[in-house]
Amino acid sequence: MTFIEGWMYRDGWTLTRVAGLFGSAVWPLLLALFFCHALLWRAFAGPSAVVLCESRPAKPGQPSHKA
């Protein structure tokens with residue numbers, strides 16, 4: 001039951017209406033928190049340590065793949 005339907009039928013504040021109102025209010029905040037966390041993680045994580053296969057030294061006894 002939505003907030004308006006409960007108000008029309010004068011149903012009072014049931015547990016399902018309170019939970020629905022709480023869920024409707026909280027999920028956008030959680031989504032915003034997720035995006036802020038992703039942006040801050042990217043800003044403070046530092047440079048990534050990506051190593052390409054071509055730039056790794058060859059192990060002893062194995063030929064390098066550079067031509």
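Whatever comes next refers back to the structure up there.
Description of the structure in this document. All figures in this text were calculated on a predicted structure; none of them were measured in a lab.

Definitions and cut-offs
- Residues numbered from 1 in each chain as written.
- Predicted model: local features only at pLDDT ≥ 70, side-chain atom pairs only at ≥ 80, totals over all residues.
- Heavy atoms only, no water.
- Helix = DSSP H or I, 4+ residues; strand = E, 2+ residues; numbered from the N terminus.
- Buried < 20%, exposed > 50% of the residue type's maximum accessible area, 1.4 Å probe, protein only.
- Areas by Shrake-Rupley, 256 points an atom, 1.4 Å probe, with all protein chains shown as cover.
- Phe/Tyr/Trp six-rings, centres within 6.5 Å; stacked < 30°, edge-to-face > 60°.
- Lys NZ or Arg CZ within 6 Å of the ring centre and 35° of its normal.
- Patch = residues over 30% accessible without salt bridge, like charges linked within 9 Å, V, L, I, M, F, W, Y side chains within 5 Å.
- Salt bridge = Lys/Arg side-chain N within 4 Å of Asp/Glu carboxyl O.

### Some remarks on the overall build of the protein
Then step 1. Within the protein, the secondary structure is distributed over two helices and zero strands.
Then step 2. Among the 67 residues that make up the protein, the fraction classed as buried is 3%.
Then step 3. Carbon and sulfur atoms make up 71% of the accessible area of the protein, which amounts to about 6,700 Å² in all.

### Structural notes on the packing of aromatic side chains
Then step 1. What the rule picks out here adds up to one aromatic pair.
Then step 2. When the ring centre of Trp13 is taken as reference, the NZ or CZ atom of Arg17 above it lies at 4.6 Å.

### What to know about a nonpolar patch on the surface
Then step 1. A cluster of nonpolar residues, Phe3, Ile4, Trp7, Met8, Tyr9, Trp13, Val18 and Leu21, forms a patch on the protein surface that exposes about 940 Å² of accessible area.
Then step 2. Mapped onto the nonpolar patch, the elements with two or more residues apiece are α1 (3–8) and α2 (15–44).
Then step 3. It is α1 that provides the largest number of residues to the nonpolar patch, a total of four residues.
Then step 4. On the secondary structure map, Tyr9 appears in the loop between α1 and α2.

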